[in-house]
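Report on the structure
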Amino acid sequence: MDNKVLTRTSVSRTGSEESVFSSIHEPESHTISHQDRSRTLKLFIFAIDAADFAMTHRWLEEGKLPHLGELARRGAFGSLRSTIPPYTPVAWTSFLTGMLPGKHGVYGFMPPPFAETQEEATGVPFRPQDIPTFYQALNREGMSVGSFNVPWTYPVEPLEGFVVAGAGGPDGGPNWCYPPELADELLRELPRWQSMPPVASGETFLAGRIAAEIAAKEQAIHWLMARYQPEILAVGLSELDLVQHEFLGRPFAVDETGCEREVILYTYQQIDDLLGRLLCRFTGENTVIAVVSDHGQVVAPKLINLAALLAKAGMLIYQQPPRGLRRLMGHFRSQAAQVTRKIWSIAKRVLPRPLLSRVDRRAPQLTALAGGLIGHPEVDWSRSRAVPTDISGAIYLRCSVMKECLQPLVPCDDCVIRKEVLALLNDLRDPDNCAPVFEQVLLGEDLYQGPRAGNRPDIVVLPRHDAYQIVASEECSSNPVLTSWKEPVATAKHPRGVHSLYGILFVAGPQILPSSRPQRAGICDVAPTLLHLLGCSVPSDMDGRVATEVIPEGSRAAGPVRYCSPIVRETEAVNRTGVCVDNQLLERLRGLGYW
């Protein structure tokens, strides 16, 4: 950082931000050899899943995140507005493409009810492979790219450089790495990590596991940089998102050693430490540095069951077996789920990799079959008028679902359905304070435009972000619409973190105004801004803008933004064989409350 680094030995975690900035010393000098060429990186991206603006800002002022604090002093720091809804697949895909969902086609964690393709039907929405990322734009400008563990980069795209997929895909197997041979080399040379490591064991915070996973990722980054020496490096971390989902409602927890820790701050500081080490190792005076998160995270003390709301109003109808059989199957459902998870965990350890990959590809179908046998209800499409998908707040109306499924549509007025659902959502009040539950009830046609808007939801609801969390439950009228975490029907013993709209954006480099603030920056703005700072043309189909307010007058980047034709990428150029969904990943997402 301007050839200066911060050290933990000289920085107090409780000191002020001013004391942090003064605790800077000159590093030990050493010669940059050919093997150390990575110090000439043109762009370093540090992608932190779920870093929240309010928490980050508070701890910066308290001097508890010194490396991020130094970046804020050197360059620009501000909030970064996420997508609607502010969920991981949607937001990271918008970050990678510079496009809104109407163009890239990812709208939430779950597919639309009329999904037809294999990857849509699995429940993990892969980015359509004919939609290029801004990595391709950098390649077109002659720059090699290295991407490690950035969420939602699976299946990987062919690049000049390397890609190791992050959260949203399996750790290992086909399409996990590019070049393909990198997967075996990486697992042979380095200890295997998990892109979504466990962060808790019952009530215990696994602090040692968090530190070990971050250390394993750091080791992999160094190995990859020495192996490929790219000019662009993007590094992603998902630990913070996992920890906040589990512990944000109980910020103090006991770790494996019996010590009580401030869990969220500990995780932020582990990530800040890693950032400091990477900045010292990889960047130089002319490197553009960007730290970005896809969304923020807050605690929501109450839960909203959208399925129950729609079912009680007669708009969502399930096909149910007779009452006695339904009760019997419900009794065995939770036990069957536990047994399935145990069997799968054993299989992951003992099955050979080729056989495990084949079983993994069949896991979604097997899970669906098991779900039918133990009583998961199915939607009655012919009678339902509104169908929610996951916790994203997306609702599909019958007119859309029936048209795609080519099932008989009971005659009704589409406008009448929409008005009924909108009235139901807008009229929902919290009985404790009579306040509206939803901050916004939005129409999909107003939110999403583009060539892939055909799969958009008809309605998207945004709850009051600090008060309510949507839960995805297949139970219908028997469940209450509004509950608290303390009630028996809650899905966990403690409140969990829920995604909010505002993440973080740091940008530093020779062409960035010190201590500046990006204005109304959105996650789609990151890709075009970074391309412009590197002197590259911005593809004209990107929705984001260049944040010119952080660029000083007279600098090279202060010139007009250059645009170029969109990058055309044929789907056939991508190897679709072996694309699969890790069943363990699906279980982890369910455990986080995503559906």
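Computed from a prediction, not measured in an experiment: that's the story for all the values here.

Next up on the list: helix H2 (residues 53-61). Taken residue by residue, H2 has Met55, Thr56, Trp59 and Leu60 as its buried positions. One side of H2 carries all its buried residues, which in axial view fall inside an arc of 130 degrees. For H2, the side-chain oxygen to backbone nitrogen distance between the N-cap and Ala54 is 3.1 Å, and the N-cap itself is Asp52. In the stretch just after H2, Gly63 is the one whose phi turns positive, near 75 degrees.

Residues Phe44, Phe46, Ile264, Leu425 and Ile459 are the most contacted members of the largest nonpolar core, which totals 142 residues. The leading source of residues in this core is helix H11 (residues 263-282), at 11 residues. Those residues in contact with Ile264, other than ones at most four positions away along the chain, are Met55, Trp59, Leu240, Val243, Gln244, Phe247, Leu248 and Pro251. With 8 residues, the next largest nonpolar core counts Leu442, Tyr448, Val460 and Leu501 among its residues.

Here the focus is the pattern of salt bridges. Close approach of charged atoms allows side chains of opposite charge to pair. Going through the model one piece at a time under the given rule, you end up with 18 salt bridges. When the shortest N-O distance is used, the salt bridge between Arg73 and Glu70 registers 2.7 Å. With Arg73 and Glu70 both in helix H3 (residues 66-74), this residue pair falls 3 residues apart, about one helical turn. Taking relative accessible area as the criterion, Arg73 reaches 33% and is therefore assigned partly exposed. Between Glu549 and Arg545 there is a salt bridge, and its shortest N-O distance comes to 2.9 Å. With a relative accessible area of 25%, Glu549 lands in the partly exposed category. According to the relative accessible area criterion, Arg545 is partly exposed, its value standing at 31%.

So, on to empty space enclosed by the protein. A full pass over the atoms with the stated rule returns 6 cavities of 30 Å³ or more. Taken as a whole, the largest cavity spans an internal volume of roughly 90 Å³. For the largest cavity, the full set of lining residues is Ala76, Leu505, Val507, Pro518, Ala521, Asp525, Val526, Thr529, Leu530, Ala547 and Val550. Among the elements of the structure, strand E25 (502-508) and helix H18 (526-533) are those that each provide at least two residues to the lining of the largest cavity. Take the lining of the largest cavity: its biggest share by element is 3 residues, from H18. A breakdown of the residues in the lining of the largest cavity according to their chemical character gives 9 nonpolar, 1 polar and 1 charged.

Helix length check: helix H16 (residues 414-426) (13 residues) gives 18 Å between terminal C-alpha atoms against 18 Å at 1.5 Å per residue, within 8%. Taken residue by residue, H16 has Ile417, Val421, Leu422 and Leu425 as its buried positions. Down the axis of H16, the smallest arc covering the buried residues is 125 degrees, so these residues share one side. Summarising the geometry of H16, the exposed residues directed more than 90 degrees from the buried face are Cys415 and Lys419.

On to the sheet that holds E25. Spatial ordering of the open sheet is given by E4-E25-E13-E3-E10-E5-E6-E7, a layout of 8 strands whose pairing is mixed. Each edge of the sheet is formed by a strand with only one pairing partner; in this case those strands are strand E4 (76-81) and strand E7 (177-178). One ladder, built from 4 bridges, connects strand E5 (residues 145-148) with strand E6 (residues 161-164); its direction is parallel. Along E6, the bridge assignment pairs Ser147 with Val163.

Spatially, E22-E15-E23 is the arrangement adopted by the 3 strands of the open sheet, whose pairing is mixed. Here the strands that pair on one side only, and so sit at the sheet edges, are strand E22 (468-471) and strand E23 (482-484). Taking each pair of neighbouring strands and ignoring which way they run, the sheet shows an average axis angle of 35 degrees. Where strand E15 (residues 302-305) and E23 come together, 3 bridges link them in antiparallel fashion.

Residue placement: Ala167 occurs in the loop between E6 and E7. According to the relative accessible area criterion, Ala167 is buried, its value standing at 4%. For the pair Ala167 and Leu237, spaced 70 residues apart in the sequence, the C-alpha separation amounts to 8.8 Å. Dropping the residues within four chain positions of it, Ala167 is found in contact with Pro151, Trp152, Ser195, Met196 and Ser238.

Conventions adopted
Residues numbered from 1 in each chain as written. Predicted model: local features only at pLDDT ≥ 70, side-chain atom pairs only at ≥ 80, totals over all residues. Heavy atoms only, no water. Buried < 20%, exposed > 50% of the residue type's maximum accessible area, 1.4 Å probe, protein only. Helix = DSSP H or I, 4+ residues; strand = E, 2+ residues; numbered from the N terminus. Arc of directions from axis to C-beta. Polar contact = N/O pair within 3.5 Å; in protein donor to acceptor, adjacent residues only side chain to side chain. Core = buried A, V, L, I, M, F, W, Y, C linked by side-chain atoms within 4.5 Å. Contact = heavy atoms within 4.5 Å. Salt bridge = Lys/Arg side-chain N within 4 Å of Asp/Glu carboxyl O. 1 Å grid on protein atoms, 1.4 Å probe; cavity = no way out; pocket = protein on both sides within 12 Å on 5 of 7 lines; lining within 4 Å. Points joined across faces, edges and corners; volume = space filled by probe spheres on them. Nonpolar A, V, L, I, M, F, W, Y, C, P; charged D, E, K, R; others polar. Expected span 1.5 Å × (residues − 1). Pairing = 2+ DSSP bridges. Axes fitted to C-alpha atoms, helices over the stretch in contact; angles between N-to-C directions.

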